[in-house]
Amino acid sequence: MRFIGRAAALLTVLVAAPTAAQEGNDRGAAEPVDSARTLLAAPDGDTIALIRPGAVLQVVSEADEAGQWMQVQLEGWIRTGERGESAGTAAPPDLGLAQLRSEPARYVGRVVRWSVQSIGLQRADSLRSDMADGERYLLARDPGGEPGFVYLVVPPDLVSAAEALSPLQRFEAVARIRTGRSPLTGHPILDLLEVNP
């Protein structure tokens, strides 16, 4: 087996080494993922899914010569009522923290624009089942003026903007909802798209 990862741990999967028959078409064997991983639309692109441990991914191709990225294929099911909810669809403008927590699956993939207060920039460790090991995230509070906390996962291109935030500084976060209620902390986890101080 080979373990292929990116330094920022945005997409890391455990896959079997390709057999001789597979080498000709760049396809690797399917294997279960060993821990939670983030699936991106493209290298360093938008988050489109969080892959749970045990999900099976098929390696389609290596995307670069450095071996930092690979293209994978995932097969799964969604409820028929969720087909129209695209990953970029805006959430209702009045979506609050309490409503998001009460219906955590309903708004997954929706984009919110919240005023939040920065608490600090952290790095996820392997104990977090809801983030990939090494992912950077901002702990923020009072989204939209409602008391409570949210985790904003910071992509590599926004790390410098997140680092520039002062403790307790308010800013506007544009973010896509990854989960409405983390099983580990009970707080929502969102993928940060914009930081507007």
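Preceding this section is the structure that the text describes.
Rules used in this analysis
- Residues numbered from 1 in each chain as written.
- Predicted model: local features only at pLDDT ≥ 70, side-chain atom pairs only at ≥ 80, totals over all residues.
- Heavy atoms only, no water.
- Core = buried A, V, L, I, M, F, W, Y, C linked by side-chain atoms within 4.5 Å.
- Buried < 20%, exposed > 50% of the residue type's maximum accessible area, 1.4 Å probe, protein only.
- Helix = DSSP H or I, 4+ residues; strand = E, 2+ residues; numbered from the N terminus.
- Contact = heavy atoms within 4.5 Å.
- Polar contact = N/O pair within 3.5 Å; in protein donor to acceptor, adjacent residues only side chain to side chain.
- Pairing = 2+ DSSP bridges.
- Axes fitted to C-alpha atoms, helices over the stretch in contact; angles between N-to-C directions.

Undergrad: Please clarify how the nonpolar core should be interpreted in this entry.
TA: For soluble globular proteins, the rule of thumb is that nonpolar side chains tend to be buried together. Judged by nonpolar contacts, the single largest core of 24 residues is most densely connected at L138, L152, F171, L190 and L192. Looking at this core, the elements that each hand over two or more residues are α2 (97-102), β8 (111-123), β9 (136-141), β10 (149-154), α3 (159-163), β11 (170-179) and β12 (189-196). Contact partners of L190, with chain neighbours within four places excluded, come to V112, W114, V150, Y151, L152, V153, A175, R176, I177 and R178. V33, L39, L57 and V59 belong to the second largest nonpolar core, which has seven residues in total.

Undergrad: Hey, could you run me through the side chain of E135 in this one?
TA: Position of E135 relative to the elements: it lies in the loop between β8 and β9. Within the structure, E135 has its side chain in polar contact with the backbone nitrogen of A132 (distance 2.8 Å).

Undergrad: I'm lost on the sheet that holds β10 in this one. Help?
TA: Strand-to-strand pairing in sheets goes through backbone hydrogen bonds, with the strands running parallel or antiparallel. Here five strands make up a closed barrel; going around it, the order is β8-β9-β10-β12-β11 and the pairing mixed. The average angle at which neighbouring strand axes cross in this sheet is 55°, direction not considered. Where β10 meets β12, three bridges bridge the pair, whose relative direction is parallel. Bridge pairing links L152 to L190 in β12.

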